[in-house]
Amino acid sequence: MNRFPVLAAVWTALLVAGFAVVFLLGSPVATSADELQTALHPAPPVSQAAAEKSAATIIRLQYSSFDGKPYTVRKATDFGVDHWVIEYSDTTGSAPRGVRISIVLATGNVEISAFP
């Protein structure tokens with residue numbers, strides 16, 4: 001009895017099932033570059049929670065020395081543009097240093113400035 005057709009059919013079925021499982025599982029796990037791009041371009045209108053989450057991701061990936069440091073959040077209006085300002089600070093060294101992240105509510109534009 002020739003078993004090749006049966007084995008080929010089983011192998012083909014397993015191969016198709018494997019590809020189906022991969023496609024049905026969804027999108028791949030996000031890389032740190034993907035996370036950073038998402039944090040740098042939050043979907044408008046940006047809520048306070050979304051701004052804090054974006055800022056935490058930016059700090060974790062680009063300014064890791066500030067990860068876990070205290071931060072403040074305030075809503076500011078400059079020239080009629082509302083934005084969230086999240087400031088991380090570290091006063092443990094000889095000179096205070098920090099990172100200021102500004103996220104525009106209406107557009108999601110992110111500006112980052114670090115100070116020594």
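Source: prediction; values computed, not measured.

Participant: What should I look at first to understand helix 1 (residues 4–24) in this one?
Facilitator: What sets the pattern is the α-helix's 3.6 residues per turn: residues three or four places apart point alike. When the terminal C-alpha atoms of helix 1 are compared, their 30 Å separation across 21 residues agrees well with the 30 Å that a helix rising 1.5 Å per residue should span. Residue glycine 26 follows helix 1 closely and has a positive phi angle near 105°.

Participant: So what exactly am I meant to see when it comes to the side chain of threonine 57 here?
Facilitator: Residue position: threonine 57 is located in helix 3 (residues 48–62). Sequence-distant contacts of threonine 57, defined by excluding residues within four places in its chain, comprise Glu35 and Ala39.

Participant: What am I meant to see in the nonpolar core here?
Facilitator: Most often, soluble globular proteins keep nonpolar side chains buried together rather than apart. Membership of the largest hydrophobic core comes to 17 residues, with the highest contact counts inside it found for Ile58, Ile86, Ile101 and Ile103. Contributing elements (two or more residues each) for this core: helix 2 (32–40), helix 3, strand 2 (81–90) and strand 3 (97–104). Among the elements that line this core, the one with the most residues is helix 3, at four residues. Setting aside its immediate chain neighbours within four residues, isoleucine 86 contacts Ala51, Ala55, Tyr71, Thr72, Val73, Val99, Arg100, Ile101 and Ile103.

Participant: Would you take a moment to explain the sheet that holds strand 2 for this structure?
Facilitator: The strands that make up a sheet pair up through hydrogen bonds in the backbone, lying either parallel or antiparallel. Sheet architecture is open: four strands sit in the order 1-2-3-4, paired in antiparallel fashion. Pairing within the sheet leaves two strands with one partner each, and these edge strands are strand 1 (71–78) and strand 4 (110–115). Averaged over all adjacent pairs, the angle separating strand axes in this sheet is 20°, with direction ignored. By the bridge criterion, six bridges tie strand 3 to strand 4 in an arrangement that is antiparallel. Among the inter-strand pairings, serine 102 is bridged to a residue of strand 4, identified as glutamate 111.

Participant: Help me understand the pattern of salt bridges, please; the structure alone is not making it clear to me.
Facilitator: Oppositely charged side chains can form a pair if their charged atoms are brought close together. Going through the model one piece at a time under the given rule, you end up with four salt bridges. A salt bridge links glutamate 35 to arginine 60, with the shortest nitrogen-to-oxygen separation between them at 2.7 Å. Of the two residues, glutamate 35 sits in helix 2 while arginine 60 sits in helix 3, which places them 25 residues apart along the sequence. We classify glutamate 35 as partly exposed; its relative accessible area is 29%. When the shortest N-O distance is used, the salt bridge between glutamate 87 and arginine 100 registers 2.4 Å. One end of the pair, glutamate 87, is in strand 2; the other, arginine 100, is in strand 3, with 13 residues separating them in the sequence.

Cut-offs and rules
- Once a new chain begins, its residue numbering starts again from 1 and follows that chain's sequence as written.
- Owing to the predicted nature of the model, reporting of local features is limited to residues with pLDDT of at least 70; listing and counting of side-chain atom pairs is limited to 80 or more, with chain, interface and lining totals taken over all residues.
- Note that the side-chain values use all heavy atoms of the structure and ignore hydrogens as well as water.
- The secondary structure listing takes helices from DSSP runs of H or I that are at least 4 residues long and strands from runs of E that are at least 2 residues long, numbered from the N terminus.
- To estimate the expected span of a helix, subtract one from its residue number and multiply by 1.5 Å.
- Working rule for contacts: check all heavy atoms of both residues, and any pair within 4.5 Å makes them a contact.
- Residues grouped as a nonpolar core are buried Ala, Val, Leu, Ile, Met, Phe, Trp, Tyr and Cys residues, joined through side-chain atoms within 4.5 Å.
- Relative accessibility decides the category of a residue: with a 1.4 Å probe and only protein chains considered, values under 20% of the type maximum give buried, values over 50% give exposed, and everything between is partly exposed.
- Any two strands between which DSSP finds at least two bridges are classified as paired.
- Whenever a helix is involved, its axis is fitted only over the stretch in contact; in every case the axis is a line through C-alpha atoms, and angles between N-to-C directions fall within 0 to 180 degrees.
- Throughout this description, the term salt bridge denotes a Lys or Arg side-chain nitrogen within 4 Å of a carboxyl oxygen of Asp or Glu.

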